[in-house]
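Structure assessment
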Amino acid sequence: FHATAWGAPMCVLQKMVKDGALEELQKCFGARMEFGTAGLRAAMGPGVSCMNDLTIIQTTQGFCAYLEKSFPDLKERGVVIGFDARAHPASGGCSKRFATLAATVMISRGVPVYLFHDITPTPFVPFAVSHLSLCAGIMVTASHNPKQDNGYKVYWENGAQIIPPHDCGIASAISENLEPWPQSWDENLALNSLLLKDPYEDMCREYFKAVQQHCFHRDLNKSSEVKFVHTSVHGVGHTFVQSVFKAFDLCPPFAVVEQKDPDPEFPTVKYPNPEEGEGVLTLSFALAEKEGATVVLANDPDADRLAVAEKQKSGQWRVFSGNELGALLGWWLFRCWKERHPEPAALKDVYMLASTVSSKILRAIALKEGFHFEETLTGFKWMGNRAKQLLDQGKTMLFAFEEAIGYMCCPAVLDKDGVSAAAITAELTSYLVTQGTTLTQKLNAIFDEYGYHISKNSYFICHDQDIIQQLFERLRNYIGKDTYPKECGEFAVSAVRDLTTGYDSSQPDKKATLPTSRSSQMITFTFSNGGVATMRTSGTEPKIKYYTELCAAPGNSDVKQLKAELDNLVDAIVQYFFEPEKNKLKPRPE
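Residues numbered from 1 in each chain as written. Predicted model: local features only at pLDDT ≥ 70, side-chain atom pairs only at ≥ 80, totals over all residues. Heavy atoms only, no water.

With that settled, the discussion passes to the UniProt feature "domain: Alpha-D-phosphohexomutase alpha/beta/alpha" (unreviewed entry) in the protein chain. UniProt records the feature "domain: Alpha-D-phosphohexomutase alpha/beta/alpha" (unreviewed entry) at residues 33-177, 206-312 and 322-450, using the numbering of this structure. Annotated as 37% helix and 19% strand, the span residues 33-177 places its first and last C-alpha atoms 15 Å apart. (UniProt positions renumbered as here; feature names shortened; annotations may be inferred. Helix = DSSP H or I, 4+ residues; strand = E, 2+ residues; numbered from the N terminus.)

Take the nonpolar core next. In this structure, Phe 63, Phe 399 and Tyr 407 are the most contacted members of the largest nonpolar core, which totals 169 residues. Broken down by element, the residue count for this core peaks at 10 residues, all from helix α14 (residues 322-340). Grouped together as the second largest cluster of nonpolar side chains are 10 residues, Leu 353, Phe 380, Met 383 and Ala 400 included. (Core = buried A, V, L, I, M, F, W, Y, C linked by side-chain atoms within 4.5 Å. Buried < 20%, exposed > 50% of the residue type's maximum accessible area, 1.4 Å probe, protein only.)

Right, let's get into the pairing of strand β16 (residues 396-402). Along β16, 6 of the 7 residues are buried, which leaves the element largely enclosed by surrounding structure. Bridge count between strand β14 (residues 350-355) and β16: 5 bridges; the pairing is parallel. Each bridged residue has a counterpart across the sheet, and for Ala 354 the counterpart in β16 is Phe 401. Direction of pairing for β16 relative to strand β17 (residues 406-408): antiparallel, over a ladder of 3 bridges. Within β17, the residue paired with Ala 400 across the bridge is Met 408. Remark: 3 residues form the turn of the hairpin made by β16 and β17, two consecutive strands paired antiparallel; Ile 405 in that turn has positive phi of roughly 50 degrees. (Pairing = 2+ DSSP bridges.)

Note that Glu 206 resides in helix α9 (residues 200-211). The class of Glu 206 is buried, set by a relative accessible area of 15%. Sequence spacing of Glu 206 and Gly 555 is 349 residues, and the spatial spacing of their C-alpha atoms is 45 Å. Residues in contact with Glu 206, not counting those within four places in the same chain, are Phe 127 and His 131. Looking at Glu 206, its side chain comes within polar contact range of the side chain of Arg 205, at 3.5 Å. (Contact = heavy atoms within 4.5 Å. Polar contact = N/O pair within 3.5 Å; in protein donor to acceptor, adjacent residues only side chain to side chain.)

Turning our eyes to something else, we now look at the pattern of salt bridges. With the rule as written, the count across this model stands at 36 salt bridges. A salt bridge links Asp 415 to Lys 153; the shortest N-O distance between them is 3.7 Å. With Asp 415 in the loop between β17 and α17 (418-434) and Lys 153 in strand β7 (residues 149-155), this pair connects stretches of sequence that are 262 residues apart. Accessibility classification places Asp 415 together with Lys 153 in one group, the buried group. One salt bridge connects Arg 205 with Glu 206, and the closest N-O pair in it is separated by 3.5 Å. By relative accessible area, Arg 205 is classed as partly exposed at 46%. Three or more residues joined by partner-sharing salt bridges are found here, namely Lys 153, Asp 304, Glu 402, Asp 415 and Lys 416. (Salt bridge = Lys/Arg side-chain N within 4 Å of Asp/Glu carboxyl O.)

Okay, here's the thing in structure tokens:
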């Protein structure tokens, strides 16, 4: 009987039993974690519903068995494994240990493993899969989740996150391989094996070489006097962002000392998520004031996302939304590409992507400039896979983004990447300063030229799956069976798309063109005033999210009126569609 056969030191379980903590024991052992396209994400602790040594071994055994079926050359090519800095002393779990156990399982079956010896940003794993032509990649991270959580993220041979049917195939293989294989616990086997390689130095060198292809103004960068502050929010990003600035010949940013080193306790923030805005950036703003910096760059703990804030003339700080930064980066990357490819014929092979809940601003830019824009389902797994298809067809993949501050600026990484995005944002800022303008002013100029796109996104917290189900079923049977709302307060609904059921009222055959999934809820309403609103459940958190946007035609620049109209639309959606009091929904914490 192994000391951690239940997934955690026995003292943790003994204490639960001694304390009569039946509810806690039920939570830990009641239901096994479900493996999905996002892999696994759960609290670290004992039992089959938590991230621990045993569940990591079981998951990797299933994944290994699935890879053995899928790739005859698995033992020649191998897999890559990376990890962040998370740790949970109470249960003995930590990302590095989980990564080592995953490597042990693979090596026990004769599979070569490229195991990073130290913490890395998540984007380094998909980069390594593509660069080394590996069969798969594993990243042990819970990204910006609360400190007690960890996760297991999986990439396929194409360098993108897995999509169906691989999730079901892996889940099935896990359930068939629950009993630990004889050598799965033997870490020394892995650490002393000739099948174990450390890709850290090579991948760092090659990654920075690849992203330099997106450095367009090196001379300008060398002379730039713009000052930046960077925070890695107690995660892995510090070293890598310092290095990417050097690769772009930019003066390295000032680092927020209290947050620059990895700390799994995340002691200075309530949530280690820069998407939550100003609360996470308080220390960054203080350092910027002290050093005279005008722009703050913030990565989440695994450095695959980027938040940006700019000091305004008023002295206040403006935190850009993911949609706003998506507009700026999309405009910039197209402008730089066009400078190098002025011939109009080249446009026919240029593509940008965004998720369906993100701003439609790239669509507006594409319509005017003549390149292609496509929407995908929510999540970079869809954008990464579509980008790979386009690249394989010889297309130019310029940019992809999602509103949740995720940006793919460099197709060498087929996932969101906060490291390359930080350097490219810094170069864009430095260029704008030479033109006598700022990020905020440029964003307004983009909206003036292509039409204002005002968005407002938030969420409600709900832990009761039955209430969530009832809420969405009510919208599908609003005025009788299989009928959707025709209005929301004073706002007329002009179209409905339901990607849970596959219904789309705007299509001639009433069938949605994007893939559908019964396992998650997602309905999009289009309104007669140009508003669009999507309601969906989160795959990794107990949230019902909403995404709203008002798209105005170029020339309509009454921003105050547009914002007021969007506010009224959001209020109506909350009142009539969410019914927070009746459904006991908790609003997003301030």
